[in-house]
Amino acid sequence: MVTYTGAVDPPFRLSMLIYDRRYRSLTLQAIVFILVMLAASWIIDNTLKNLADLGKTLSFDFLFRRAGYDIPQQLIPYNSDDTHLRAAVVGLLNTLLVSVLGCIAATVLGVVAGVLRLSSNWLIARLMTVYVEVFRNIPLLLWILVCLALFTEIMPPPNAYRGENPAAGMILFDMVAPTNRYTAIPSIGMTNPPGTLALGREGISWAFIAFAVVIAAALAGRRLLRSWARRVQDQTGKRPTTWWISLAMFALPVLLLTWYFGLHLIPPVLRGFNFADGINLDNALVVLWLALTLYTGAFIAEIVRAGILAVSRGQSEAAFALGLRPRRTMSLVILPQALRVIVPPLISQYLNLTKNSSLAIAVGYMDLRGTLGGTTLNQTGREMEAMVLMMAVYLALSLIISAGMNIFNVRVRLKER
Amino acid sequence: MKKSVFFGSVTAVALAASGALAAEGDTLKEVKARDALNCGVNTGLIGFAAPDANGNWSGFDVSYCKALAAAVLGDATKVKYVPVTGQTRFTALSSGEVDVLARNSTWTFQRDTDLKLDFIGINYYDGQGFMVRKDLGVSSAKELNGATICIQTGTTTELNLADYFKANNMEYQPVNIDSNAEGEQQYMAGACDAYTTDASGLAATRASFADPENHIILPEIISKEPLGPAVRHGDNNWGDIARWTLYALIAAEEYGVTSANIDELAKSSNNPEVQRLLGTTDELGKMIGLDAEWARRAIKASGNYGEIFAATIGEQTPIGLARGLNAQWTQGGLMYAMPFR
Ligand SMILES: N[C@@H](CCC(=O)N[C@@H](CS)C(=O)NCC(=O)O)C(=O)O
C-alpha cells in the first residue's frame, strides 16, 4: 500500500510576501488599500481643520431651523414656517416627480422611435434617425435653455387672455391655457365628495383610494382571467376571447365610481393676476420634463433598436411559419428576447435622467438641488453639509433605481436550465 | 443661470480641502503681494456696478473698490472686479476669491455671525420695494394678492417677501431668478407681474429699460436693507482698513473735502480733523499698516461720498435717487463717520 503524505508547505517567511506569487497580489492589494485610506483621511482631516479655521464646524442643526422662504411647486404642504429639512423633502419630491415623469415619457418615446427607426417606411425611418442624431449630439443644457426660451418668449402672458377680445385663446375645448408662466389645465372636481383620509398635514381623498382599490382589483382579476384562458387553451387548444371581459372589469367600476362621486373637469379661469381653479403646471416643470424626455428618449431609441436587431431574423420567420400573427410574434417572441439586451443599458439611462434632472437649476425648478443645494445652502452658509447631504441622497436614489431595475432584469433574463 | 453657486460651493469645498485658504492669512499682505484688490461686485446693475462696452467697471459700489485700492495699493485702477450673484457672493468671500464684497449686500444678524462675515459699515440705507407695469393697474403692494413675483435667490429679498405676504394674509407665486439681468428679462416678458428687490436696485433696473415711464415703483417699502461692504471674519486689521476707507469718504463730504480741493486743503486747512484725515498731522495711516496719505488717495479716486453718490446714482443721473436717509447726519440723514482721531 502506498501512503501519500502530500506536500508540506514550506514555513512562511516574510520575503514570500514579495516573491511568492500566492502572496504577492494580497500584498499589493493591502498596500493600495492603505494608501487610499490615508489619502481619504488626509482629505477629510484637512477639510475639517480648514472649516474650523473658518470658524465653521460640521453641523446639521440648520436642517431643523425655520426655512423662511417659499417654494413655487410643492407636492406636500409647505410654507415658509417649515424647517429646512421639510424644504429639502419638498425639493426631493420635485426631483422624483420630474424623474419619474421623465423616465415614463422617455421610455414611451424611445420605444416608439426605436421601433419606427426600423420601419420599412423610408420617410418615417429617416425622420426618426434625424430625431435621434439631433438630440443625442447636442448637450442637454442647451435643449433645456431652448425649451425655456420658447416657452417664455412665445407663449402669451396670462393677461393676454383677459378682456372682450383677448389676444390669446384657450385651446382644447377652452380647457387648456398655455402661458409664459405655466400651462393651466383643468382640475378634477366632485359633486359628491367622500371626504379625505387625514395623514398628518396631508390628506388623501377617499375617492382616490376607491379608484386605486378598484383598479388593483381589476388587475388581479385580469391575472385570474388569463390563467383561466391558458388552462382552457391547454385543454381544448382554443383560447377563449377575453379582451372584452377584462375591458369591462376596468371600465364598469370606474364609470360607476365616476358617476357616484360626480367627477367632472373644472376648467381654469383667469382670476386676478393668474388662472385659478385648474391646475397650473409650472413651465419650469414642463420645460425640464420635455427636455429630459426628448434627450433621453433619443438614447433609449437606440437601445431599443439595438435590442430588436439583436434577435435573429430566424426567430420571427419561425414564428410566422408557426402561424403567429405579427403582433403576437412581437409580444411573445421578439420582445421577451430583446428585453434581455435592452434592460441593462436602460437602467443607466434612467440613472442618467435622474441625475440630469439637477439641471433644473437652469430653469429655476426647485428640485433638491434648488432647495437644499440652493436656497438653503445659501441662506445658511452650510456649503459642506448641504453638498454632503445632496451627494448622499443622489447616491441613494441611484442605488435604489438600479436595485429595482436589476430585480426586473433578473425576471426577464434568459432562464438557463 | 444658476449653476454658478454650485461651482462656487464646489470651489469652496475644494478650497477648504486643499488647505490653501486665505482666511487665516493676512489679507493686506496678500493684496500687496498680488498688487491687485479682488473686489466682489454685482453681475451688472447700472449705477452700482456695471461694466461698459470696453469692460471698464463703474458705479457706486465700484467707486468704493477704487477708493480701497487707492488707499492700499496707491492706484485706483488696481482692482480686479469679480462679478458674483446673490447666491455666490458669500462663498466667494469666505473662500478667499475676493478680498472685499461690495455688492448691495444687506447687513443682517445671521450673515454677520453665522456666515462669519464682517460688515464694515453702511454705504446705502435701503428698503425692499416692488416694481410693476403701469398698465397692471396696481397702486399698492397690498393689491398684489395672487400675483406672480420675480425674486433673486439667495437674498434677503426672498425671505422678506415670504414674511410680508404671510403677515398680510396674501398669496403669491415666486419665480426664482439668479441675476438682475435674468429678472429683467422675465419681468419684461411678463413672466412675472411684479419684480421685487431693494428700492435702489429697482430704480437702477428701471433706468435701464427702454420705456421707464411705463413702470412704477410701489410706495410700500417692506423691509430695512442697510447695504454695505463686507469682509471675512478674523482679519481685523483688514476690516479696519476697509471700514476707515469708507469713513474717510463719508467724513470728507462732511468736512467739505472734495477731489477738486483736496490737495489744497491738505496744505492749507486748519481744521484739525481734516489735517488728521489727510495725514497732514498725526500718522493715522501707520496704525492700520498704511502710509500717511492713504485717505487722501482714497478720496481722490472718485471723490468723497457725496460726489460718488451724485455721479453714479444721484438725482442728476438716469437712476435719480434722492439722498434721503443717505444724507449726512448734519443734513438730517444717517451718514455719520466716526471721528478721525
Ligand atoms: N440686499 C439684498 C439683495 C441684494 C441683491 O441681490 N440686489 C440685486 C438688486 S438691487 C442686485 O444687486 N442684482 C444685481 C446682480 O444680479 O448682479 C441682499 O443683500 O440679500
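Residues numbered from 1 in each chain as written. Chains lettered and ligands numbered in written order. Predicted model: local features only at pLDDT ≥ 70, side-chain atom pairs only at ≥ 80, totals over all residues. Heavy atoms only, no water.

- Looking at an unreviewed UniProt entry, one finds chain B named Amino acid ABC transporter substrate-binding protein and attributed to Paracoccus thiocyanatus.
- As its UniProt record puts it under Sequence similarities (unreviewed entry), chain B is described as follows: "Belongs to the bacterial solute-binding protein 3 family." (UniProt positions renumbered as here; feature names shortened; annotations may be inferred.)

- Its UniProt record gives chain A a comment under Sequence similarities (unreviewed entry), which states: "Belongs to the binding-protein-dependent transport system permease family. HisMQ subfamily."

Considering the overall build of chain A
Phase 1: In terms of regular secondary structure, chain A is built from 12 helices and nine strands.
Phase 2: A compact globule built from 417 residues should have a C-alpha radius of gyration of about 22 Å, whereas chain A, at 29 Å, is more than 25% larger.
Phase 3: With respect to the principal axes defined by its C-alpha atoms, chain A has extents near 105 × 80 × 50 Å.
Phase 4: The proportion of buried residues among the 417 residues of chain A is 38%.
Phase 5: In chain A, 65% of the contacts between residues at least 6 apart in sequence involve partners at least 24 apart.
Phase 6: About 24300 Å² of surface is accessible on chain A, with carbon and sulfur atoms providing 68% of the total. (Helix = DSSP H or I, 4+ residues; strand = E, 2+ residues; numbered from the N terminus. Rg over C-alpha atoms; globule rule 2.2 N^0.38 Å. Buried < 20%, exposed > 50% of the residue type's maximum accessible area, 1.4 Å probe, protein only. Contact = heavy atoms within 4.5 Å. Areas by Shrake-Rupley, 256 points an atom, 1.4 Å probe, with all protein chains shown as cover.)

Notes on the UniProt feature "domain: Solute-binding protein family 3/N-terminal" (unreviewed entry) in chain B
Phase 1: This chain's UniProt record puts "domain: Solute-binding protein family 3/N-terminal" (unreviewed entry) on residues 36-265 of chain B.
Phase 2: Regarding residues 36-265 of chain B, the helix share stands at 34% and the strand share at 23%, and the terminal C-alpha atoms are separated by 29 Å.

Considering the site of the ligand
All names here are of chain B.
Phase 1: Lining the immediate environment of the ligand, one finds 21 residues, of which N42, T43, T106, N180 and D198 sit closest.
Phase 2: For the ligand, an oxygen atom lies 2.5 Å from a polar atom in the side chain of T43.
Phase 3: Within the side chain of R103, a nitrogen or oxygen atom sits 3.3 Å from an oxygen atom of the ligand.
Phase 4: Where the shell around the ligand is concerned, the elements lending two or more residues are helix 6 (156-167), strand 11 (194-198) and strand 13 (225-227).
Phase 5: Here the residues of the shell around the ligand sort into two nonpolar, 14 polar and five charged. (Near = heavy atom within 4 Å. Polar contact = N/O pair within 3.5 Å; in protein donor to acceptor, adjacent residues only side chain to side chain. Nonpolar A, V, L, I, M, F, W, Y, C, P; charged D, E, K, R; others polar.)

Section: the state of the cysteines
All names here are of chain B.
Phase 1: Per the counting criterion, the structure on display carries two disulfides over all chains.
Phase 2: Between the sulfur atoms of C39 and its disulfide mate C65 the distance is 2.0 Å. Around the S-S axis, the bridge from C39 to C65 shows a dihedral of about -70° and counts as left-handed. One end of the pair, C39, is in strand 1 (residues 37-41); the other, C65, is in helix 3 (residues 60-73), with 26 residues separating them in the sequence.
Phase 3: You can call C65 buried: its relative accessible area is 0%.
Phase 4: The disulfide that involves C150 links it to C192, with 2.0 Å between the sulfurs. (Disulfide = S-S within 2.5 Å.)

Here's the deal with the nonpolar core
Phase 1: The biggest cluster of nonpolar side chains holds 62 residues, and the ones touching the most others in it are Y64(B), V72(B), W238(B) and L278(B).
Phase 2: Discounting chain neighbours no more than four positions away, the residues touching Y64(B) are V100(B), A102(B), I120(B), P229(B), A242(B), T245(B), L246(B) and L249(B).
Phase 3: L140(A), L292(A), I308(A) and L353(A) belong to the second largest nonpolar core, which has 46 residues in total. (Core = buried A, V, L, I, M, F, W, Y, C linked by side-chain atoms within 4.5 Å.)

Overview of the side chain of T245(B)
All names here are of chain B.
Phase 1: The residue T245 is located in helix 9 (residues 236-254) in this model.
Phase 2: Overall, the relative accessible area of 0% leaves T245 in the buried class.
Phase 3: At 2.6 Å, the side chain of T245 forms a polar contact with the backbone oxygen of I241.
Phase 4: Ignoring anything within four residues of it in the chain, the contact list for T245 reads Y64, A67, L68, A71, W294 and A298.

Observations concerning the sheet that holds strand 2 (residues 182-185) of chain A
Strand pairing in a sheet takes place through backbone hydrogen bonds and is either antiparallel or parallel in direction.
Residue and element names in this part refer to chain A.
Phase 1: Ordered in space as 1-2-9, the three strands form an open sheet in which the pairing is antiparallel. Each edge of the open sheet carries a strand with a single partner, namely strand 1 (177-178) and strand 9 (279-282).
Phase 2: Sheet topology places strand 2 next to strand 9; four bridges connect them, and they run antiparallel. The residue bridging T183 from the neighbouring strand is L281, located in strand 9.
Phase 3: Across the face of the sheet, helix 8 (residues 283-310) comes into contact with strand 2 and strand 9 while running at roughly 55° to strand 9. (Pairing = 2+ DSSP bridges. Axes fitted to C-alpha atoms, helices over the stretch in contact; angles between N-to-C directions.)

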